[in-house]
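Read off the chains here:
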Amino acid sequence: MQFSFDTKLNFIAKKVEAGERLNFDEGVALYRTDDLNALGKLADFVRRRKHGRTTYFNVNRHFNHTNICVADCKFCGFYKRARQEGAYTHSIEEGIEIARNAVKEGATELHIVGGLNTKLPFEYYTDLFSSLKREFPALHLKALTMVELDFFARFYKMSDEEVIQKLKAAGMDSCPGGGAEIFAEPTRSRICDHKCDGARWLELSGKVHKAGLKTNATMLYGHIETTEDRVDHFVKLREQQDKTGGFQCFIPLAFYPNGTALSSLPGPDAIDSLKTIAVSRLMIDNFDHIKAYWVMLGKATTQTALHFGANDVDGTITDGGELTHSYSVEEGGEQKMTRAELIAMIENAGFEAVERDTVYNRVEKVAA
Ligand code: V47
């Protein structure tokens, strides 16, 4: 039976069915196809082979300890300079209060990221993590991107291993996937030239994996990058995963231009987002989980994305951090869904909702 009117897709479908790895050109061909339906079906085939109808979510909260940052990324609407109006740094006590409310509401994870702030000593982070662990030993601290770890090693003059070991000893349990943006040059330098490059981001991920911690990976798409840049990003992640195996989840992040230095760009549309979910599922064959991040995609596109290869929607976020607020597509910067709303979103799309912890163990709870 003819699978698609696109002959290239028919050839790729046979490889996918046989479990064979796709190459760079095939990734580009997947992006270039006009047969969105067939692309979705192919990604859904792989998703169902790995996960059936299971769709994961978690109960989490974001904590952005500081928005003061020296990186000047063109796509970011969150950061401030130290003396700029609206610049802030939360105290450790404030962090504990936020975590206390999160735990009360059933959160299993605190997602902690912030700006590259030259005013903070390294001990701020170790004190923050150890204080949080003392108060809430069961709360998983998914903290700090590879960009922050790179900044710490350079700014506080420590080896990568020392930075990772000290933070791990203080309570860092895993790392989120931010800061990957787009690895390919010259694109990366044009949107963020004051932070680590793609090779360094990948190298640090490998070092964190070797220290026994899991990490995630993201890709910021829908700004000035090319299709080839995106496929290059997938291939580089796949290569790193082959080496160190510590990536859990890939999260494509749809660029939200409002309030950024790139505000004249339109950002990606839903079709581009669905294609990106599907192509990532097909290209990054050694990542178990592909996340449709509902805060950025909106609820309707997230539900459709579950049919295009995604098997995770992220979490309740629950009044999330200021960073999430800066790019939320939901009305009024809405970034909160209750556990029951998340479950309904997943089930109404035809999938089985499973609450997970950060490292994908099932969490058994009576529905709220
Ligand atoms: O690194 C910044 C992106 C990232 C914008 O690991 C923007 O589970 C769109 O990494 N439009 C931080 N994106 C968020 C992140 C993340 C989120 C959810 C879950 C996980 C995970 C990780 O947000 C940054 C950057 O790539 N970002 N500004 C913007 N205007």
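What comes next is a walk through the structure. (Residues numbered from 1 in each chain as written. Predicted model: local features only at pLDDT ≥ 70, side-chain atom pairs only at ≥ 80, totals over all residues. Heavy atoms only, no water.)

## A short note on the pattern of salt bridges
Opposite charge on two side chains makes pairing possible when the charged atoms of those side chains draw close. Here is the rule we go by: In what follows, salt bridge is the name for a side-chain nitrogen of Lys or Arg lying within 4 Å of a carboxyl oxygen of Asp or Glu. Counting from the N terminus, the helices are the DSSP runs of H or I reaching at least four residues and the strands are the DSSP runs of E reaching at least two. Exposed residues in this analysis have more than 50% of their type's maximum accessible area, buried residues have under 20%, and partly exposed residues fall in between, with area computed by a 1.4 Å probe over protein chains only.
A full pass over the atoms with the stated rule returns 25 salt bridges. Its salt-bridge partner being R21, residue D285 comes within 2.9 Å of it at the nearest N-O pair. Placement of the pair is D285 in the loop between α11 (270-283) and β7 (289-290) and R21 in the loop between α1 (7-17) and α2 (24-32), with a sequence separation of 264 residues. Between K207 and D160 there is a salt bridge, with its nearest N and O atoms 2.8 Å apart. With a gap of 47 residues between them, K207 in helix α9 (residues 198-210) and D160 in helix α7 (residues 160-170) connect regions that are remote in the sequence. Classification of K207 as partly exposed rests on a relative accessible area of 24%. The exposure class assigned to D160 is buried, which follows from its relative accessible area of 10%.

## Examining unusual backbone geometry
Of note, the amide linkage connecting E185 to P186 takes the cis form, showing an omega dihedral of 5 degrees. The topology assignment puts P186 in the loop between α7 and α8 (187-191). Located in the positive-phi region is K157, a residue other than glycine, with phi close to 55 degrees. Assignment of secondary structure puts K157 in the loop between α6 (146-155) and α7.

## Some points on helix α10 (residues 227-244)
Side chains that are three or four residues apart share a direction in an α-helix, a result of its 3.6 residues per turn. The test is simple: A helix is expected to span 1.5 Å for every residue after the first. A contact between two residues is defined here by any heavy atoms of the two lying within 4.5 Å.
Over its 18 residues, α10 extends 26 Å from the first C-alpha to the last, a length consistent with the 26 Å expected when each residue adds 1.5 Å. Taken together, the buried positions of α10 are D229, R230, V231, D232, H233, F234, V235, L237, R238, Q240 and Q241. The inward-facing, buried residues of α10 contact α2, α8, α9, β5 (215-221), β6 (247-254) and α11.

## So, the packing of aromatic side chains
Condition: Between rings of Phe, Tyr and Trp, where Trp is taken as its six-membered ring, a pair exists when centres lie within 6.5 Å; planes separated by under 30 degrees are stacked, by over 60 edge-to-face, and by other angles tilted.
Scanning the entire structure with this criterion turns up 14 aromatic pairs. Taking 5.4 Å as the distance between ring centres and 90 degrees as the angle between the ring planes, the aromatic pair formed by Y56 and Y360 counts as edge-to-face. Here Y56, found in strand β1 (residues 54-58), pairs with Y360, found in the segment after β9 (352-355); they are 304 residues apart in sequence, far enough to count as distant. A single burial state applies to Y56 and to Y360, both of which are buried. Consider the rings of F183 and W201, whose centres lie 5.4 Å apart with planes at 45 degrees: the pair is tilted. Here F183 is found in the loop between α7 and α8, whereas its partner W201 is found in helix α9, with 18 residues between them in sequence. Judged by its relative accessible area of 0%, W201 is buried. Through pairs of rings, three or more aromatic residues link up here, namely F122, Y124, Y125, F151, F152, F155 and Y156.

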